[in-house]
Amino acid sequence: DQQVKQNSPSLSVQEGRISILNCDYTNSMFDYFLWYKKYPAEGPTFLISISSIKDKNEDGRFTVFLNKSAKHLSLHIVPSQPGDSAVYFCAATTDSWGKFQFGAGTQVVVTP
Amino acid sequence: NAGVMQNPRHLVRRRGQEARLRCSPMKGHSHVYWYRQLPEEGLKFMVYLQKENIIDESGMPKERFSAEFPKEGPSILRIQQVVRGDSAAYFCASSPPAGNTIYFGEGSWLTVV
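Remember, predicted model here, so these are calculated numbers, not experimental data.

I'd love a proper account of the overall build of chain A, names of residues and values included.
A tally of regular secondary structure across chain A gives zero helices and 11 strands. Starting at the N terminus, the α and β elements of chain A follow one another as β-β-β-β-β-β-β-β-β-β-β. For 112 residues, the compact-globule estimate of 2.2 N^0.38 gives 13 Å, and chain A sits close to it at 13 Å. For chain A, the spread of C-alpha atoms along the principal axes amounts to about 40 × 30 × 20 Å. The proportion of buried residues among the 112 residues of chain A is 46%. Pairs at least 24 apart in sequence give 54% of the contacts found in chain A among residues at least 6 apart. With 10 positive and 10 negative side-chain charges, chain A shows a spacing of 3 Å between the two charge centroids.

Structure, rendered in structure tokens:
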């Protein structure tokens, strides 16, 4: 039962342009969402999060948007840099749950 | 290094042997999570533990896998009688009490030959 879905396995974007990563979820109980970045042979690192009481959270080049009615969130990276090339996972949880469900990941490649 | 510490980073086991993966959470964190990443797949939840308690083990295979987080010492994920299909990266994560963000270790790569 895949409750968090990232339907794009890969994304190629030119350096300096915007990267948009999408994530959909099915469980309406989720109220907290996170994005992680992962390089090969390393553990995922936390990027940015958003609570369901907000629809946008911004941190430097990273902005996460949440559309609760559509059960959809997205991560925008502006401008994209070569170091952003990695796999990005979205994750969701509930306040009272303690278990974080992850999507399958999106491989981002930033080209010069 | 105050991060989540996992060891060993790489482990090779023959079929039928036991694998033990250890995880020390970040300082001040009392919640530990284990995730598995099979080749070409995402992160799959396995188990969520607090000190001396298994809170949710709904992602653990029913046989051969067990996890503990004792009062003292690291959390241990134990896989008995390993099979080739157990070859994967195993990630531990931790969070503080009432925390809503989890922080991952570098992972332990298990190869079963």
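Tell me about the nonpolar core, and name the residues and values.
Core analysis: the largest hydrophobic core is formed by 23 residues, its most contacted members being Phe33, Trp35, Leu73, Leu75 and Tyr88 of chain A. Within the residue set of this core, elements represented by two or more residues are strand 3 (19-25), strand 4 (32-38), strand 5 (45-51), strand 7 (62-67), strand 8 (72-77), strand 9 (86-93) and strand 11 (106-111) of chain A. Residue contributions to this core peak at four residues, all from strand 9 of chain A. Tyrosine 88 of chain A has contacts with Gln6, Leu21, Trp35, Tyr36, Lys37, Leu47, Leu75, Ile77, Gly105, Thr106 and Val108 of chain A, leaving out every residue within four places of it along the chain. Judged by nonpolar contacts, the second largest core, of 22 residues, contains Cys23, Val47, Leu49 and Phe65 of chain B.

Describe the state of the cysteines, listing the residues and the values that go with them.
All names here are of chain A. Enumeration according to the criterion identifies two disulfides over all chains in this entry. The residue that forms a disulfide with cysteine 23 is cysteine 90, at a sulfur-sulfur distance of 1.9 Å. With the S-S dihedral at roughly 60°, the linkage between cysteine 23 and cysteine 90 falls on the right-handed side. Residue cysteine 23 is located in strand 3, and its partner cysteine 90 is located in strand 9; the two are separated by 67 residues in the primary sequence. Classification of cysteine 23 as buried rests on a relative accessible area of 1%.

So what about a nonpolar patch on the surface? Which residues, and what values?
Residues and elements named next belong to chain A. A cluster of nonpolar side chains, Ile18, Ile20 and Val78, forms an exposed patch at the surface whose accessible area comes to about 220 Å². Locating isoleucine 18 in the fold gives a position in the loop between strand 2 (10-14) and strand 3. Isoleucine 18 sits in the partly exposed class, given a relative accessible area of 39%.

Provide a residue-level description of the sheet that holds strand 7 of chain A, including the pertinent values.
All names here are of chain A. Taken in spatial order, the five strands make up an open sheet running 1-3-8-7-6, and their pairing is antiparallel. Bordering the open sheet on either side are strand 1 (4-5) and strand 6 (56-59), each of which pairs with just one other strand. By the bridge criterion, six bridges tie strand 7 to strand 8 in an arrangement that is antiparallel. In the sheet register, valine 64 faces strand 8, and the bridge partner there is leucine 75.

Tell me about the interface of chain A and chain B, and name the residues and values.
Of the residues lining the interface, 18 residues belong to chain A; the matching set on chain B comes to 21 residues. Here chain A packs against chain B, burying approximately 1600 Å² in sum over the two surfaces, 59% of which is carbon and sulfur. On the surface where chain A and chain B come into contact, there are one salt bridge. Among the elements that take part in the side of chain A that touches chain B, strand 4 of chain A stands out by supplying four residues, more than any other. Residue composition of the side of chain A that touches chain B, grouped by class: 11 nonpolar, four polar and three charged.

Reading guide: rules and limits
Residues numbered from 1 in each chain as written. Chains lettered and ligands numbered in written order. Predicted model: local features only at pLDDT ≥ 70, side-chain atom pairs only at ≥ 80, totals over all residues. Heavy atoms only, no water. Helix = DSSP H or I, 4+ residues; strand = E, 2+ residues; numbered from the N terminus. Rg over C-alpha atoms; globule rule 2.2 N^0.38 Å. Buried < 20%, exposed > 50% of the residue type's maximum accessible area, 1.4 Å probe, protein only. Contact = heavy atoms within 4.5 Å. Lys, Arg positive; Asp, Glu negative; His and termini not counted. Charge placed at Lys NZ, Arg CZ, Asp CG, Glu CD. Core = buried A, V, L, I, M, F, W, Y, C linked by side-chain atoms within 4.5 Å. Disulfide = S-S within 2.5 Å. Patch = residues over 30% accessible without salt bridge, like charges linked within 9 Å, V, L, I, M, F, W, Y side chains within 5 Å. Areas by Shrake-Rupley, 256 points an atom, 1.4 Å probe, with all protein chains shown as cover. Salt bridge = Lys/Arg side-chain N within 4 Å of Asp/Glu carboxyl O. Pairing = 2+ DSSP bridges. Buried area = accessible area lost by both parts, 1.4 Å probe. Nonpolar A, V, L, I, M, F, W, Y, C, P; charged D, E, K, R; others polar.

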